[in-house]
Amino acid sequence: MPSPALLQTVLREMITRERSPRTPEPDLVMDDPDNVAAYVEAGREDAVMAPVYLFHGANICEVIRPGDTVLDLACGPANQLALVARLNPDVNFIGLDLSEPMLEQARELIASKGLRNVSFRHGDITDLSMFGPDSVDAVVSTMALHHLPSVAALGRTYAEVARILKPGGGIYMVDFGHLKAQASIDYFGNQYADRQPALFTLDYLNSLHAAFYPDDIASAARPLAGQARVYKTFGLPFMVALKSSPRRGHDAALESRLEGLKKGLPEWHKTDLADLIRHFRMGGMRCAPLGNAPA
Ligand SMILES: C[S@@+](CC[C@H](N)C(=O)[O-])C[C@H]1O[C@@H](n2cnc3c(N)ncnc32)[C@H](O)[C@@H]1O
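First, a word on what this report is: a plain description of the structure on this page. Here the structure is a predicted model, which means the values were calculated and not measured.

Considerations on the sheet that holds strand 5 (residues 165-176)
In step 1: Across the sheet, which stays open at both edges, the seven strands sit in the order 3-2-1-4-5-7-6 with mixed pairing between neighbours. The open sheet terminates on both sides in strands that have one partner only, identified here as strand 3 (118-122) and strand 6 (229-232). The sheet shows a mean angle of 15° between the axes of neighbouring strands, taken without regard to direction.
In step 2: Inspection of the sheet shows strand 5 paired to strand 7 (residues 239-243) by five bridges, in the antiparallel sense. Counterpart to Met 173 in the pairing with strand 7 is Leu 242.

Printed below as a string of structure tokens:
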């Protein structure tokens, strides 16, 4: 069952007439060393982001196939990438980011896990000219697009994805959606303030303020309209995902590894994962590798 506080937030978002303004991130490209350190800590496998990375990781697994070249836009310290690369040793991943300190962390993490199927490029996700037309099999991105300064920059990014993606390629690009009421932003932003570095809470609040409204995401994503659909978490668009159809069939070995990761989560992480599965499923987005039952 969702908590009473979450139900209250859903209800508020459904009836409010407020439309809180979008405020771009103060640290657009995350190269402040303290911000980078706080983000890295919150992304550890046992820390606050673990259920979110697991959810997005399972969705990414659905849209990629063995032998693929997969580009992760704005990969940051590669927490997400490390999880997915470990689950898919026969897929080649490229992480792209504009922050050198983030890329340094990313290279360290991938090396520490002994992963050989990930490489990194320094670059801007709004200009993918280093990649040719129809040159990658799938494009993924998690919790990063809100760092773009404007809806126009978001549109340029999607247009670049449409250019470099092979026909029938995989897409999973997910980010926070802008909540209408300031009180809802405060609820999510401070939910785990006692379990994470203070700087991460501040960064998270900044992210929620910088998130794009779902309508803006849908209109900016028009270049990808034939290849992916926009899904929102039901009731309140806490997260918005652009996802293509699944590109791989039932994979028992992968599902059992995901099941193991799910079982290994602490109880409060399991609740977060169940909320994400439920809210996206009610918004029309399923994730077969995570199973149909709540976590
Ligand atoms: C909140 S982090 C997300 C990192 C990662 N995707 C994850 O899920 O943990 C946002 C990342 O976007 C990067 N970024 C912001 N603007 C960018 C741009 N225009 N091009 C490439 N990377 C960018 C930042 O440097 C930062 O590493």
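On we go from here.
Some details on the environment of Ala 111
In step 1: Take Ala 111: it is sitting in helix 5 (residues 100-112).
In step 2: For Ala 111 and Leu 54, which are 57 residues apart along the polypeptide, the C-alpha to C-alpha distance reads 21 Å.

What to know about the site of the ligand
In step 1: Near the ligand there are 20 residues, and of these Tyr 39, Tyr 53, Ala 74, Asp 97 and Thr 142 occur at the shortest range.
In step 2: Measuring from an oxygen atom of the ligand, one finds a side-chain N or O atom of Tyr 53 at 2.6 Å.
In step 3: Measuring from an oxygen atom of the ligand, one finds a side-chain N or O atom of Thr 142 at 2.7 Å.
In step 4: When isolated, the ligand has an accessible area of 600 Å², and the protein chains bury 97% of it.
In step 5: By residue class, the composition of the shell around the ligand is 13 nonpolar, five polar and two charged.

Observations regarding the layout of surface pockets
In step 1: Here the second largest pocket defines a volume of roughly 400 Å³.
In step 2: If you go around the second largest pocket, you meet 20 residues; those closest to its centre are Gly 43, Arg 44, Glu 45, Leu 83 and Arg 86.
In step 3: If you list the elements that add at least two residues to the lining of the second largest pocket, you get helix 3 (50-63), helix 4 (79-87), helix 5 and helix 10 (252-263).
In step 4: No other element matches helix 4, which puts four residues into the lining of the second largest pocket.
In step 5: Counted by class, the lining of the second largest pocket contains 10 nonpolar, five polar and five charged residues.

Here we look at the pattern of salt bridges
In step 1: One pass over the structure, following the stated rule, counts nine salt bridges.
In step 2: Linking Glu 259 and Lys 262 is a salt bridge whose minimum nitrogen-to-oxygen distance equals 3.6 Å. Of this pair, Glu 259 and Lys 262 are both found in helix 10, three residues apart, which corresponds to roughly one turn of the helix.
In step 3: The partner of Lys 263 in a salt bridge is Glu 259, and the shortest N-O contact between them spans 3.8 Å. Highlighted residues: Lys 263 and Glu 259, both in helix 10, separated by four residues, approximately one helical turn.
In step 4: Of the residues examined, Lys 263 reaches a relative accessible area of 59% and is grouped as exposed.
In step 5: Judged by its relative accessible area of 32%, Glu 259 falls in the partly exposed class.

What counts, and at which threshold
Residues numbered from 1 in each chain as written. Predicted model: local features only at pLDDT ≥ 70, side-chain atom pairs only at ≥ 80, totals over all residues. Heavy atoms only, no water. Pairing = 2+ DSSP bridges. Helix = DSSP H or I, 4+ residues; strand = E, 2+ residues; numbered from the N terminus. Axes fitted to C-alpha atoms, helices over the stretch in contact; angles between N-to-C directions. Near = heavy atom within 4 Å. Polar contact = N/O pair within 3.5 Å; in protein donor to acceptor, adjacent residues only side chain to side chain. Areas by Shrake-Rupley, 256 points an atom, 1.4 Å probe, with all protein chains shown as cover. Nonpolar A, V, L, I, M, F, W, Y, C, P; charged D, E, K, R; others polar. 1 Å grid on protein atoms, 1.4 Å probe; cavity = no way out; pocket = protein on both sides within 12 Å on 5 of 7 lines; lining within 4 Å. Points joined across faces, edges and corners; volume = space filled by probe spheres on them. Salt bridge = Lys/Arg side-chain N within 4 Å of Asp/Glu carboxyl O. Buried < 20%, exposed > 50% of the residue type's maximum accessible area, 1.4 Å probe, protein only.

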